[in-house]
Amino acid sequence: MSEPDLYTRIRMGDKSACNECIEIHTPMVYQLALRLLGDPVEAEDVTQETFLNAFRAIDSFEWRSELSTWLYRIAYNTALSRLRGRKIEQVSVEELALRTDTQVPRQLYDWCCLPERDFESEQARARLEGAIESLPATYKPVFILRILEGLSTRQAAETLDISEDNVKTRLRRARNWLQERLAEEQ
């Protein structure tokens, strides 16, 4: 079913459409919340809040973006609200992968100047994870959305409510920051 059809059914109060929307979009909303918050329980809460808020505000959705991007934006804002209300737990990328039963994405280390075989070692992985964890606040969400979540530049821009040029700039700066940080630790 297409997103416009699903949207129309949701607006008409079709509960099965709401269930379909939740089933389709829960994995990506949950993953984003988990990566931002580092806590599976809070990620579940954010996921539920995201869909509740989306269904309450469905009449305000104007199709300036895809439905999935709009849900990402709601999830991102909901997670940010929680982060502002608590001390941020530092969670390694590897720990997140273990919590979510996924592999650490290859994109995290394919671009770096260090040879790939170096990242096979525990020490190098730990350095990379530490560097990602300590990314400045303006770069980290862009890095998470583009590299870890695989969103397009446009989708990340819509989610973060910034221009596509800002996404590209922040991603480039995040990569440079990580590269410099890793080079300092050698």
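## Thoughts on the overall build of the protein chain
Here is step 1 of the chain: When its secondary structure is counted, the protein chain shows 10 helices and zero strands.
Here is step 2 of the chain: For the protein chain, the N- to C-terminal ordering of α and β elements is α-α-α-α-α-α-α-α-α-α.
Here is step 3 of the chain: Across the 186 residues of the protein chain, 45% fall into the buried class.
Here is step 4 of the chain: Counting only contacts in the protein chain whose residues sit at least 6 apart along the sequence, the fraction spanning at least 24 positions is 63%.
Here is step 5 of the chain: Here the protein chain displays about 10000 Å² of accessible surface, and carbon together with sulfur accounts for 47% of that area.

## Some words on unusual backbone geometry
Backbone geometry follows two general trends: most residues other than glycine have a negative phi, and most peptide bonds adopt the trans configuration.
Here is step 1 of the chain: Positive phi, normally seen in glycine, also occurs at aspartate 161, with a value near 60°.
Here is step 2 of the chain: Looking at the element boundaries, aspartate 161 is found in the loop between α9 (153–160) and α10 (164–184).

## With respect to the packing of α9 against α10
Here is step 1 of the chain: Look at α9 against α10: their axes get within 8 Å of each other, and the N-to-C directions meet at 100°. On the basis of the axis angle, α9 is roughly perpendicular to α10. Residues Thr153, Arg154, Ala156 and Ala157 of α9 lie in contact with α10, whose contacting residues are Glu164, Val167 and Lys168.
Here is step 2 of the chain: Residues belonging to the contact of α9 with α10 are distributed by class as follows: three nonpolar, one polar and three charged.

## Here we look at the nonpolar core
Here is step 1 of the chain: In this structure, Ile10, Cys21, Leu32, Trp70, Leu71, Phe143 and Leu145 are the most contacted members of the largest nonpolar core, which totals 50 residues.
Here is step 2 of the chain: Of all the secondary structure elements, the ones that give two or more residues to this core are α1 (3–11), α2 (15–37), α3 (40–56), α4 (67–84), α7 (122–133), α8 (140–148), α9 and α10.
Here is step 3 of the chain: The dominant element in this core, judged by the number of residues it contributes, is α2, at 11 residues.
Here is step 4 of the chain: Residues in contact with leucine 145, not counting those within four places in the same chain, are Leu32, Tyr72, Gly150, Leu151, Ala156, Thr159 and Leu160.

## Section: α4
Here is step 1 of the chain: A rise of 1.5 Å per residue sets the reference length of α4, with its 18 residues, at 26 Å; its end C-alpha atoms lie 26 Å apart and thus fit the reference within 8%.
Here is step 2 of the chain: Along α4, the positions that sit buried rather than exposed are Leu67, Ser68, Thr69, Trp70, Leu71, Tyr72, Ile74, Ala75, Tyr76, Thr78, Ala79 and Leu83.
Here is step 3 of the chain: Considering only its buried residues, α4 is in contact with α1, α2, α3, α8 and α9.

## Here's the deal with the pattern of salt bridges
When the charged atoms of two side chains lie near each other, side chains of opposite charge can form a pair.
Here is step 1 of the chain: Overall, the coordinates contain 10 salt bridges when judged by the stated rule.
Here is step 2 of the chain: The residue arginine 9 makes a salt bridge to glutamate 20 at a minimum N-O spacing of 2.9 Å. Residue arginine 9 is located in helix α1, and its partner glutamate 20 is located in helix α2; the two are separated by 11 residues in the primary sequence.
Here is step 3 of the chain: The exposure class assigned to arginine 9 is buried, which follows from its relative accessible area of 19%.
Here is step 4 of the chain: Arginine 154 is the partner of glutamate 66 in a salt bridge, and the nearest nitrogen-oxygen pair spans 2.9 Å.

What counts and what doesn't
Residues numbered from 1 in each chain as written. Predicted model: local features only at pLDDT ≥ 70, side-chain atom pairs only at ≥ 80, totals over all residues. Heavy atoms only, no water. Helix = DSSP H or I, 4+ residues; strand = E, 2+ residues; numbered from the N terminus. Buried < 20%, exposed > 50% of the residue type's maximum accessible area, 1.4 Å probe, protein only. Contact = heavy atoms within 4.5 Å. Areas by Shrake-Rupley, 256 points an atom, 1.4 Å probe, with all protein chains shown as cover. Axes fitted to C-alpha atoms, helices over the stretch in contact; angles between N-to-C directions. Parallel < 35°, antiparallel > 145°, perpendicular 65-115°, else oblique. Nonpolar A, V, L, I, M, F, W, Y, C, P; charged D, E, K, R; others polar. Core = buried A, V, L, I, M, F, W, Y, C linked by side-chain atoms within 4.5 Å. Expected span 1.5 Å × (residues − 1). Salt bridge = Lys/Arg side-chain N within 4 Å of Asp/Glu carboxyl O.

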